[in-house]
Amino acid sequence: APPRTRINTVSSDLIGNTLCVKGWVRSVRAQKAFAFIDLNDGTNLAGLQIIVHGDAPCFPLVSTLSTGCSISAVGELVASLGSAQPVELRATALTLLGSAAQYPLQKKRHSLEFLRSIAHLRPRTNSIAAVSRIRSALAMATHAFFSENGFVYVHSPLITASDCEGAGEMFRVTTALQQDGTPQPSESSQTEHSEQSDSTPRVDFKNDFFGKPAFLTVSGQLSAECFATALGDVYTFGPTFRAENSNTSRHLAEFWMIEPEMAFADLHDDMNNAEQLVKYLVSHVIQKCSADLAFFDRFIQKGLLQKLNTVVEKPFARLSYTEAIDILERANKPNKKGKRRFEFEVRWGVDLQSEHERYLAETHFQKPVFVYNYPSAIKAFYMRANDEDGGKTCAAMDLLVPGIGELIGGSQREERLDVLEDKIEKSGLEFDAYWWYLDLRRFGTVPHAGYGLGFERMVQFVTGMENIRDVIPFPRYPGNAEF
Ligand code: 4AD
Ligand code: MG
C-alpha cells in the first residue's frame, strides 16, 4: 500500500491517485450496492467519505465496522457524486485495526459536561478536536510573535519558595506520603530524629522540599524579571497553579500563562505589546484555522467571526480605573423599580467583578478594553506606585474582553528600591524571601513592565467555548485530577 495520507491534505488535486488513509470510523451506512464510511483522522473536521462498492472484495468487512473502530483504507480518490463532499475514496482494500464495541461516543451530540467524564476519549469529538488544533496553533503563534519581536524565551521554575502575587494561593510541595497515603508527620511531631545531636537542625526530609518549604508557582513573573533586567525582552510560557477553591467557568487550579517582561518599558509600552500580541494571535487563527472557526461560529457562539474581525481591525479602548468606575456608576443607577444592574457594589476602591468587566467590554465598548491605574490597595505589591497621586493608584493594567472579562493582568514594576521595600513591608509579606528580587533594584535598576495572559481564557475567547474546562486537555479543578 502507498504511505498514509493525512486527510487534511486530501483535495480534488489528488483525484485519480491511489491513496491510503487511516483513522476512526464516525459512522457506517451500508446498502446492497454500496456502503459509505465516514472516516476522521483528527487532522481536520471534515474527514473523508469512503465508498465501498458491493462487488469490491472488501465489501463483506463493512458489516463488522462500527462507530469508533480504527481502520485503514486503500483506494482511488474520485470526484464524489454526493453534494456534501467534493471527493471520496473508492476503497479496494480495508483493514480493521481495532474494533470498538460499546463505544461511548455515538454519532449524536453529547453534552460537554458528559464529555468531561470521559476526558480520555473526548478529543475524538468535533468540538474538542477543533479546540485542540486551535490551542496548538495559538501556542505556536505565541512563540512566533515573541521570536519575531526579538524576545528571549525563558523557562521559569514550577517549584518555588516565593508567592509572586502575595495572595497565599499556593499549593505546597511535599516529597513523600506514608504507606497509608497520609502525609508524613511534620517536623514538630517527629521523634525518629531525636538521636541527632541537638546542634543539628531537625529537618523533616520527607515533608516539603528536602527540608525547605516549597510551592507550585502562581506566576513566572519574578523569574522573568531577573532575565529581563539582563537580556532586555523576555517571556515565559508555561503552567501555573492557583490553590483557590473556585468552581467557575473562568478558573482552573492549573492553567498556562504567557508572561512577557520588558526592560526599559513603561505601562504604555506594556499595553501596546499586549494589544499587538492579542491581534497577532487572533489574526493567525483567522488565517490558519478557518474551518475550525467556522464550526465554532455556527455551533458554539453566533457572531464569533465578526467579533474576532473587530479585534484585529479596531484599536482597543483604553481608560483609567477612575473613568471605568464613572461609567459603571452611571450604568448602575437604579431603574424605576429601584433595581440596579449589578449585583456587586460599584464605587472607587472596589475590585472589578466579572459582571463589571463584562459590562465594559461587551456592552459599553463592544471590544477589548484596557483599564489602567488601579487603586494600589487592591493590586499586587510589585506594581509601580503612581507619583501623581502620591501612590494612591499604581501603574497596573488589565485587558478585559467580551464574553470573558479579564484576559490579561500586568503592570509597570516598582523599580525604586526604597518604595518597593516599603510596599513589601506594608503588604505583610516575608521580607527575607525577596532579597534576590530586591537585588534587581540594588544593582542597575531600570524601569520595566510585563503582563500575564491567561492562555486558556485566550482559547475560550477565540473559540467561544463557555467553560474553561473544555479548552485544556485535562482540566484541574477542585476535586478533579483523574485523567
Ligand atoms: O492577573 P494575574 O494573577 O497576574 C499575574 O499572575 C501576574 N504575575 C502576571 C504578570 O504580570 N506577569 O494572572 C494573569 C492572567 C489573568 O488575567 C487571567 O487571564 C489568568 O492569568 N488567570 C487564570 N486563568 C485560569 N484560571 C485561573 N485560576 C487564573 N488566574 C489567573
Ligand atoms: Mg489579575
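Residues numbered from 1 in each chain as written. Chains lettered and ligands numbered in written order. Predicted model: local features only at pLDDT ≥ 70, side-chain atom pairs only at ≥ 80, totals over all residues.

An unreviewed UniProt entry annotates the chain as asparagine--tRNA ligase originating from Gracilariopsis chorda. UniProt annotates the chain under Sequence similarities (unreviewed entry) with the comment "Belongs to the class-II aminoacyl-tRNA synthetase family." (UniProt positions renumbered as here; feature names shortened; annotations may be inferred.)

Caption draft 1: Quick peek at the overall build of the chain. What the chain contains, in helices and strands, is 11 helices and 15 strands. Its C-alpha atoms give the chain principal-axis dimensions of roughly 85 × 70 × 55 Å. Within the chain, residue pairs in contact and separated by at least 24 positions form 67% of the contacts whose partners lie at least 6 positions apart. (Helix = DSSP H or I, 4+ residues; strand = E, 2+ residues; numbered from the N terminus. Contact = placed C-beta atoms within 7 Å.)

Caption draft 2: Main features of the pairing of strand 4 (residues 70-79). Pairing of strand 1 (residues 18-30) with strand 4 involves seven bridges; the strand directions are antiparallel. By the bridge assignment, Val-21 is partnered in strand 4 with Ala-73. The pairing of strand 4 with strand 5 (residues 87-98) spans 10 bridges and is classified as antiparallel. The residue bridging Ser-72 from the neighbouring strand is Thr-95, located in strand 5. (Pairing = 2+ DSSP bridges.)

Caption draft 3: Geometry of the packing of helix 7 (residues 321-331) against helix 8 (residues 354-364). Orientation of helix 7 relative to helix 8, taken along the N-to-C sense of each, is 85°, at an axis distance of 11 Å. Relative to helix 8, helix 7 is oriented roughly perpendicular. Each of Ala-324, Ile-327, Leu-328 and Ala-331 in helix 7 lies in contact with helix 8, whose residues at this interface are His-356, Tyr-359, Leu-360 and His-364. (Axes fitted to C-alpha atoms, helices over the stretch in contact; angles between N-to-C directions. Parallel < 35°, antiparallel > 145°, perpendicular 65-115°, else oblique.)

Caption draft 4: The arrangement of the environment of Lys-392 in detail. Its place among the elements puts Lys-392 in the loop between strand 12 (369-375) and strand 13 (393-401). Distance in space between the C-alpha atoms of Lys-392 and Asn-373 is 9.3 Å, their sequence separation being 19 residues. Once residues lying within four places of it in the same chain are set aside, the contact partners of Lys-392 are Pro-375 and Ser-376.

Caption draft 5: Focus on the site of ligand 1. Neighbouring ligand 1 are 21 residues; Ser-219, Gln-221, Gly-409, Gly-452 and Gly-454 lie closest to it. A per-class count over the shell around ligand 1 returns seven nonpolar, eight polar and six charged. (Near = placed C-beta within 6 Å. Nonpolar A, V, L, I, M, F, W, Y, C, P; charged D, E, K, R; others polar.)

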